[in-house]
Each structure stands twice: as C-alpha cells, then as structure tokens.
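Each chain is listed here by its residues.
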Amino acid sequence: MRSQVWSMSCLFCFVIGVLLMIGQATGEEARRLNIAESEAQQPPKVYPGASWEHRSPEAVGLSRAKLDAFRDFVGGRGCVVRHGYMVYTWGDVSKRADVASACKPWYTHFLFKALEDGRIPSLDEKVSRWEPRLNFINKGLGYKDRDITWRHMANQISCYGVVEKPGTAFDYNDWQMALFFDTLFLKVYGAAYEDVDEKVLHPMLTDILQCEDNPTFMAFGTKDRPGRLAISARDFARFGLLYLRKGNWRGKQLISVEYAAMAVTSPLPNSIPRAGNQAAEMIPGQRTIGSKTIPDNQADHFGSYSWLWWVNGVDRYGKRHWSDAPADTYGAFGHGGRRAMVVIPSLDLVVSWNDAKIEGREMENQALGLLLEAFNPQPIIRDGTMRHTYVAIVKDKWHINGTVTYPGTKAEGLLMNVRMVNAVFEDLKRPDFDAEANTDEFIAQIPDYLAHGVRAFTLNLQGGMPGYDGAINSAFNPDGSLRESYLRRVQRAIEACDRNGAVVILGCFYQRQDQILRDENAVRSGVVNVVKRIKAKGFTNVVLEIANEFPHSGFDHQILKTPKGQVELIRLAKQTAPDLLVSTSGIGDGRLPDVVAEASDFLLIHFNGVPLDAIPERIAALKKFGKPIVCNEDDKVGEQGARAAELCVANGASWGLMANAVNQRFPFTFKGAADDPIVYAKLKELTSPHDRK
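This one's a predicted model, so the numbers in the text were calculated from it and none came from an experiment.

Caption draft 1: A look at the overall build of the protein chain. Counting secondary structure elements, the protein chain contains 19 helices and 24 strands. Its C-alpha radius of gyration of 28 Å places the protein chain within 12% of the 26 Å reference for a compact globule of 693 residues. Projecting the C-alpha coordinates of the protein chain onto the three principal axes gives extents of approximately 95 × 85 × 50 Å. Across the 693 residues in the protein chain, those meeting the buried criterion constitute 59%. When the accessible surface of the protein chain is summed, it comes to about 26900 Å², and 53% of that surface belongs to carbon and sulfur atoms. Averaging the coordinates of the 82 positive side-chain charges in the protein chain and doing the same for the 82 negative ones gives two points 2 Å apart.

See below:
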C-alpha cells in the first residue's frame, strides 16, 4: 500500500512538473503570439508593384509648398515616399545614373545575403581565403592584411593600403571598396563583370523589388570602375523602403530582420580613430572604384558609419551627425551628398535624389531640416471622429499641429505639463466614490490650465498614490486585457484634451498596482493592448509612459523595475505602433540609465527629490542624448515650484507640476490655476511671447 501511495505521489509530482513546464512554455508562446498578433493587426503595409502608387502630399500629412522649398534647395531630381506611396517628385525620377559612394550599402546587403545563403561562414572569416594575394603583401608590417575580415571590409576598418593593422582605424578607401566588390561578387558569388547584374543584382534583389529602370553595377561599363551603381531615384527609393521594412518585401524576408536592423543601427564607436596618411603595399594591379589618391583617407566616421550606411550618430564632441534630423535617420550618400537616399523610420519616410546641389554634411542637414518642415498634419478622422490635436517631435522640439510650442517665448519647443493621474482615479473598495464626476471636474478646468501655459497632462491607467494604501485602481485585468469601464473614462479625458489642443502623457503602470497583473507576460500584453487602443481610437495627442518611476521598490514585476525590462517594453510599444512616441519615467532624482534614455523617444524625469540648485546639472547630464527632456513630476509648489519651472526652461527642459495636496491626494480637487496661483502665474509668464529676452 505504501508503495502504491509513493507511486501515486511520484506520479502526481511528475504531472505537476510537466504542467508547470507547459505553463512556462505556454507563457512564452503567449508572449510571442501577442507580438505576432500585434504585428498582424497593423494596417497592411503598402509596397510598389510594377509602378508606384501615388498619393498627394496632403493625404499623408505633408505640405506641398514646403516640399517645393525642399526641392528648390536640393535641386537635381528626386522623390519622396511616405507610408509606401510616392507622394512627391521633381525632375526625371526615371533617369538612371551613377550614385557614387551611395552604392556602398548595396555591397553589405549582398554580404549579409551571402552569409545567410551559406556562401561564407562568418562575417569574421578572413578575406584571404578568397583573395590569397593578401597573404603575401606587407611583409615588413607582419603581413597584416592576412587578418582582414569581411567585417573589416564592410565597416571600412580593414586598413588596406595604409600601415595600420586591420580593425584598428577607419579609412574611407575606394581601393578597398574595389577589392571588396571584386572578392564578394566575382569570387564568392562566382560572377563576372559582364554578368554580375544578370547573376546577382537582378534575380536576388532588383527583380524582386520590381525596379522600373534597370539598375546596373556597371554604371560606366565593364572597363571603367565596375561596381559603380547606376539607378534611378525612384528605384533607389525601393531599396530604402526595403530597409525601412526591415528587409521584408511583400511578406518575403530578403535578408533577416536582424541584419537589416544591424546594418543601420551599429555605428563605429568613437574610440576607433581615423587612419593616418602613410600608404602601405596593395595587391599588384589593384584598381580603385573611385578616388585615385593613395592613401584614400578622405573622412572621419563621426560615430555615424554603420556597415557602409551613414547614420545619425554622435561624434567625438557630442554633436549629432545631422542635428536637424530625427535620431533614427540613416542614408546612403555619394559625392558629398549630391547623390543620396535617406530613410527616416520614425516618420515612415524615404527620400532619394541625384545630381543635387548638396555639398557636404552641413547642406545635407539643412536639406533634412527643410524636409521635416514639410510635415503639416491635418485633423485625422478615425471611427467617424475628428481628431484636432497632433503632437510630434521635430529637431528635438515639441510641435503641436505642425507648429513649435510656445513660439517666440523662453519656453519655445517645450511641453509644460501638470500631473493629473488621479483625474481618472477609481477605487473598487470605495463604491461611494463617483469616479465619473471626478473626471468631469478635471475636464471642466482644462481651458483654465491651458490659459496659464500648460500644454500637457499626465494621466495613468493605474493612477497614483491617493494618500492611503490598499486602493484598487487599475485599467488592467490580471491577464493584461483592458477594463472597458476604466478606459471609457480615460477616453473622455483624452478627447477633452484633444478638443482643447492639449497633449496627454499616458502612463501604463504604477507602483503598488502592478501586482494586479498576474505575471510578466500579462505586463507585456498590457502594453500591447494599450498601444493598440491608442491606434484604434486614432489618438494623435497621446504619448506613452510605460511606467511611473520604474526603479521604485513598489513594483512587483521585475520587467517593470529594471532598465532592461523597460527597454524591452519600450521596444514592444514601438513595434506595435512605430509612430507613437514612447518613454518611461525615472525615480525622483532626475536621472535615467543610458540604455533607457537611448531606447526612449523623449526623456521623462522626476525632480521631487532634486534641490533647486541641482536641476541644471541633472538636465545637462541628459543633453548628450539629443532628445527632448520632460520633467513630468515635481512636487515643489509655490515659490519653489515657480523657481523649478524657471530653471528647467532656462536649461532647455520642460517642467511639470505635481500639486500633491490638491490633485494627488484623496479627495481630489481641480480648480484650474487656483490649484497653485504662484506656479501657474510663473508658467503663464514663461510661455508668453512678450517675456522672451
């Protein structure tokens, strides 16, 4: 009998163990399914077929007059693509012509393809396997070129033709690029100059993209710099759209998402120096793909060179490559910018030009700045409802409805805000509390807050600390789905802000409430569900805050209280809605971990515990990220609050009041500027045009 009981006990433990493993696997599978479902419910992505589908600039939120100004500055010929539609052209966009160094990202595309197809085993394979002559040059330098790898070639750090060792310095080198092309296409792919288009370029790429104007790697024929790409502006835009869509074309992954992302997000670190000017031996008879200078050391990488793409990195002095463009901008550039194709993922935008008047990085930046000025969003109609307020970040400044905030004031480009999380509060333990009337009271005062300089309100789907413990205040069910009764109240507040021209910083999670969600998969589902709701309702005045003070000890779930977890959730939100601006807020010390700041579209900080004299240095420490800095919680009131607002504005950061005793603690009251007359008077002063000196 004991043995039977023992056997039954063992069997029971075994079954429980199996079920636990299944549960864990199911949880992970649920996470994958959530992501897949999120992707599946995106609007269908538009691709060109045999020809581009056209839309007017106005139909995709662009100003034709501003695009005309951009065209006049750039010159030549070109096109603008947004949301997969051809929306603007100038000159003959079908004319095929050489694009000079802008062809280089095409080489890395085929390098990644060779790796995925098994033609080469690794990016770190030595190129000398394919070009043995590298083994026998530069004896006096220890045969250094034996160690050149594909990775070195594809980042221009092979130091071929200069004395430095491979991987130790950056050398923008057209002799190396000829060696790269010849080794990759003639040896790895087994083509010849005469048939590289027919064997490689067309069947593996341009035919799939349905290019219209017969691109060729023989821009000047097989005898003159073979490997130079001739392509039309409209066909080059297809290549940009491929990378904007992470290597996917009409459901077919031409290269993996990982390689497509790596190509445009992995700039060389600033610790890698520029090579010197001392030439070294090259293979006898080595040709060049362009420059005749030896050594061909023309440029630094500026922390902005990634697998032969130029990206918007930060140089050795903390300056962004294109200061007037979004941080995610990348592109292919030739002849100092006269030939180019640029992608801006955050704007779902591709632009291509050739024979332009652009000369150098400064003019590239000016052109991109003019292009961004063309964004002039109109009211959007979703579900029969017109949305009146559109928030955006342009050149590190906040814009509402296409206009910089507070023009002509000290606060120009900032987003002065108030923490109103408990305007949508409820407590399931307090059935006598009228949550709807509480929200109505807040909505009634929105015009008065705005009249005193406020442009944004922080709301939260799990509210804030109401001044007592034990409240049950959450828009989430345990599985991460959303409670409609709570969401309807939040929607009323968002729509009231929209009608009045105000932005909502919508927070998802709050400490002491996250335990309502049963596990981390439910947290992930919650983020996806919130973002999908924002999209479905067409809210264009909402930016997202993943968690309020994520390092807070009051959070239960690890994913909500670690930088790594916050980065994952920010990326999940961006994956679900790429155009949504997403961030998360730090604790009240005015700091953010670098990894969180890098993942965020804007930087959310709290100044509750920061003395007034420390505010400028906290802001200065975040300037290196080149993103808008928004304090959306500071419990300083009266004269101290007014001074905090003044210091933030003077140092280029937005400031937000938390009137703790009035709007945060139960019972809540909303009286407009009467909440804190001193602070609101200062906000009005800082945001009034006559005050700017």
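That covers the picture; the talk isn't over yet.
Caption draft 2: The arrangement of the side chain of Ser232 in detail. In this fold, Ser232 is placed in the loop between strand S4 (230-231) and helix H7 (233-244). Ser232 sits in the buried class, given a relative accessible area of 1%. Within polar-contact distance, the side chain of Ser232 engages the backbone nitrogen of Asp235 at 3.1 Å. Other than its neighbours up to four places away in sequence, Ser232 contacts Val93, Ser94, Lys95, Arg96 and Asp213.

Caption draft 3: Focus on the packing of aromatic side chains. Enumeration according to the criterion identifies 43 aromatic pairs in this entry. Cluster of aromatic residues (ring-pair linked, three or more members): Tyr107, Phe110, Trp150, Phe180, Phe181, Phe185, Tyr189 and Phe217. Arg55 extends its terminal NZ or CZ atom over the ring of Tyr85, reaching a point 4.2 Å from the ring centre. Note that Arg361 overlies the ring of Phe302, its terminal NZ or CZ placed 4.2 Å from the centroid.

Caption draft 4: Region of the structure containing the sheet that holds strand S8 (residues 309-311). What the seven strands build is an open sheet, ordered S2-S1-S11-S10-S9-S8-S7; its pairing is antiparallel. The two strands at the open ends of the sheet, each matched to only one other strand, are strand S2 (85-90) and strand S7 (305-306). Alignment of S8 against strand S9 (residues 330-334), held across two bridges, turns out to be antiparallel. The partner of Trp310 across the bridge, within S9, is Gly331. Of the strands in this sheet, strand S1 (77-82), S2, S8, S9, strand S10 (339-344) and strand S11 (349-354) are in contact with H7, which crosses S11 at around 150°.

Caption draft 5: Inspection of the packing of helix H2 (residues 64-74) against helix H9 (residues 361-373) at higher detail. The N-to-C vectors of H2 and H9 enclose an angle of 165°; their axes lie 8 Å apart at closest approach. Between H2 and H9, the interaxial angle falls into the category roughly antiparallel. For H2 against H9, the interelement crossing comes out left-handed. Contact residues: Lys66, Leu67, Ala69, Phe70, Phe73 and Val74 in H2; Met363, Gln366, Ala367, Leu370, Leu371 and Glu373 in H9.

Caption draft 6: Expanded view of the pairing of strand S23 (residues 629-633). Most of S23 is tucked away, with five of its five residues classed as buried. In the sheet, strand S22 (residues 603-606) pairs with S23 via four bridges, with the strands oriented parallel. Paired with His606 across the strands is Glu633, a residue of S23. The handedness of the S22 to S23 crossover, carried by helix H16 (residues 615-622), is right-handed.

Caption draft 7: Inspection of the nonpolar core at higher detail. Ranked by internal contacts, the top residues of the largest apolar core, which has 114 residues, are Val80, Phe217 and Trp353. Considering every element that reaches this core, the biggest residue donor is helix H5 (residues 174-188), with nine residues. Counting residues in each nonpolar core, the second largest holds 91 residues, with Ile446, Ala502, Val542 and Ile570 among its members.

Caption draft 8: Region of the structure containing the pairing of S1. The buried fraction of S1 amounts to six of the six residues, a majority that puts the element mostly inside the structure. Neither face of S1 is left uncovered, since the one carrying Arg77, Cys79 and Val81 and the one carrying Gly78, Val80 and Arg82 both have all their residues buried. As defined by bridge partners, S1 adjoins S11 across six bridges and the pair is classed as antiparallel. Directly across from Cys79, in S11, lies its bridge partner Ser352. Remark: two residues form the turn of the hairpin made by S1 and S2, two consecutive strands paired antiparallel; His83 in that turn has positive phi of roughly 55°.

Caption draft 9: View of unusual backbone geometry. Backbone torsion omega between Phe666 and Pro667 reads -5°, so that peptide bond is classified as cis. In this model, Asp355 sits at a positive phi of 55°, which is unusual for a non-glycine residue. Along the chain, the position of Asp355 falls in the loop between S11 and H9. Relative accessible area serves as the criterion here: at 36%, Asp355 is assigned to the partly exposed category. Backbone geometry places Glu549, a non-glycine residue, at a positive phi of 50°. By secondary structure assignment, the location of Glu549 is in the loop between strand S20 (542-547) and helix H13 (558-561).

Reading guide: rules and limits
Each chain has its residues counted from 1, running along the sequence as written. Only residues with pLDDT of at least 70 are given local features in this predicted model, and only at 80 or more are side-chain atom pairs given and counted; all residues enter the totals for whole chains, interfaces and linings. Computation of side-chain values: all heavy atoms of the structure, hydrogens and water removed. Segments assigned H or I by DSSP are reported as helices when at least four residues long, segments assigned E as strands when at least two residues long, and all are numbered from the N terminus. Here the globule rule is a power law, 2.2 Å times the number of residues to the power 0.38, and the radius of gyration is based on C-alpha atoms. Only protein chains enter the accessibility calculation, which uses a 1.4 Å probe; a residue is then buried when its area is under 20% of its type maximum, exposed when over 50%, and partly exposed in between. Using the Shrake-Rupley algorithm and a 1.4 Å probe, accessible areas are obtained, with residue cover drawn only from the displayed protein chains. A residue counts as positive if it is Lys or Arg and as negative if it is Asp or Glu; His and the chain ends are not included. In this description, the location of a charge corresponds to atom NZ of lysine, CZ of arginine, CG of aspartate or CD of glutamate. Any pair of nitrogen or oxygen atoms within 3.5 Å is treated as a polar contact; in protein, a donor-acceptor pairing is required on top of that, and neighbouring residues in sequence qualify only through side-chain atoms on both sides. Contacts are residue-level and defined by heavy atoms, with any inter-residue pair within 4.5 Å sufficient. Here a Phe, Tyr or Trp ring, Trp counted by its six-membered ring, pairs with any other such ring whose centre lies within 6.5 Å, and the pair is stacked when the planes are under 30 degrees apart, edge-to-face when over 60, and tilted otherwise. Ring-over charges, as used throughout, are those where CZ of Arg or NZ of Lys falls within 6 Å of the ring centre and within 35 degrees of the ring normal. Two strands make a pair as long as DSSP finds a minimum of two bridges between them. The convention used is that axes are lines fitted to C-alpha atoms, helices contributing only their stretch in contact, and that angles between N-to-C directions extend from 0 to 180 degrees. Each angle gets one of four labels, with under 35 degrees taken as roughly parallel, over 145 as roughly antiparallel, 65 to 115 as roughly perpendicular, and the rest as oblique. Left-handed describes a crossing in which the near helix is turned anticlockwise from the far one by less than a right angle; the clockwise case is right-handed. For a crossover, the right-handed case is the one in which the path from the first strand over the helix to the second runs clockwise, viewed with the strands pointing away from the viewer. By convention a nonpolar core is built from buried Ala, Val, Leu, Ile, Met, Phe, Trp, Tyr and Cys residues, the set being connected through side-chain atoms within 4.5 Å.

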